[in-house]
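Listed below are the residues making up each chain.
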Amino acid sequence: MNESKSFKDLECWQRAHEFVKAVYQVTKQFPEDERYGLTSQFRRAAVSIAANICEGYRKMSKADKLRFMNIAQGSLEECRYYVILSLDIEYIDRATHDRLEFLINGASWKLNGYVDGIVNNSGIKD
């Protein structure tokens, strides 16, 4: 399964990392009084996507790998909500929303593909 040499070679991590960087850039513009609120939550959830992909990457068993990828998927869905909320409360404009949505959709698509590969790969211990 791990034909790559590092988690950095995984397309799902690359896409997640791009999303994290965008979240940090966008949330710099959020109101100061959101520093410990939405800004913190959004950043934490975004980082969790990429970090759990990293952590799961080196796990040897299929169950361990899938557990970390599932946590990443949950954090990704949490971020989907923060993108919607940020638009609805007018912290971001439609163009920024669309860019974040594009990035998170790409990360989601690649992560789901990676999970499918783990599930269907018989070379990984159960």
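Here's a quick rundown of the structure. (Residues numbered from 1 in each chain as written. Predicted model: local features only at pLDDT ≥ 70, side-chain atom pairs only at ≥ 80, totals over all residues. Heavy atoms only, no water.)

**What about the packing of aromatic side chains?**
Going through the model one piece at a time under the given rule, you end up with 5 aromatic pairs. When the ring of F30 is compared with that of Y91, the centres are 5.1 Å apart and the planes differ by 55°; the resulting orientation is tilted. Here Y91 lies in the loop between α3 (62-88) and α4 (94-120) and F30 lies in the loop between α1 (11-27) and α2 (38-57), a separation of 61 residues in the sequence. Accessibility expressed as a relative area gives 6% for F30, which makes it buried. When the centroid spacing of 5.6 Å and the interplanar angle of 55° are considered together, the rings of F42 and Y82 count as tilted. Of the two residues, F42 is situated in helix α2 and Y82 in helix α3; the sequence distance between them amounts to 40 residues. The exposure class of F42 is buried, given its relative accessible area of 0%. Under the relative-accessibility criterion, Y82 is labelled buried at 9%. Three or more aromatic residues link up through ring pairs in this structure, and these residues are F19, F42, Y81 and Y82. (Phe/Tyr/Trp six-rings, centres within 6.5 Å; stacked < 30°, edge-to-face > 60°. Helix = DSSP H or I, 4+ residues; strand = E, 2+ residues; numbered from the N terminus. Buried < 20%, exposed > 50% of the residue type's maximum accessible area, 1.4 Å probe, protein only.)

**Things to note about α2**
Between its terminal C-alpha atoms α2 stretches 29 Å, which fits the 28 Å expected from 20 residues at 1.5 Å a residue. I49 marks where α2 bends most, by close to 25°. Within the sequence span of α2, burial applies to L38, T39, F42, A45, A46, S48, I49, A50, N52, I53, G56 and Y57. Tucked into the core, α2 has its buried residues touching α1, α3 and α4. (Expected span 1.5 Å × (residues − 1). Bend = angle between axes of the 7 residues up to and from the residue. Contact = heavy atoms within 4.5 Å.)

**Comments concerning the nonpolar core**
Counting residues in hydrophobic clusters, the biggest one holds 34 residues, and the most contacted among them are F19, F42, I49, I53, C79 and L100. Looking at this core, the elements with two or more residues in it are α1, α2, α3 and α4. Not counting residues up to four positions away in its chain, the partners in contact with I49 are A16, F19, A72, S75, L76 and C79. (Core = buried A, V, L, I, M, F, W, Y, C linked by side-chain atoms within 4.5 Å.)

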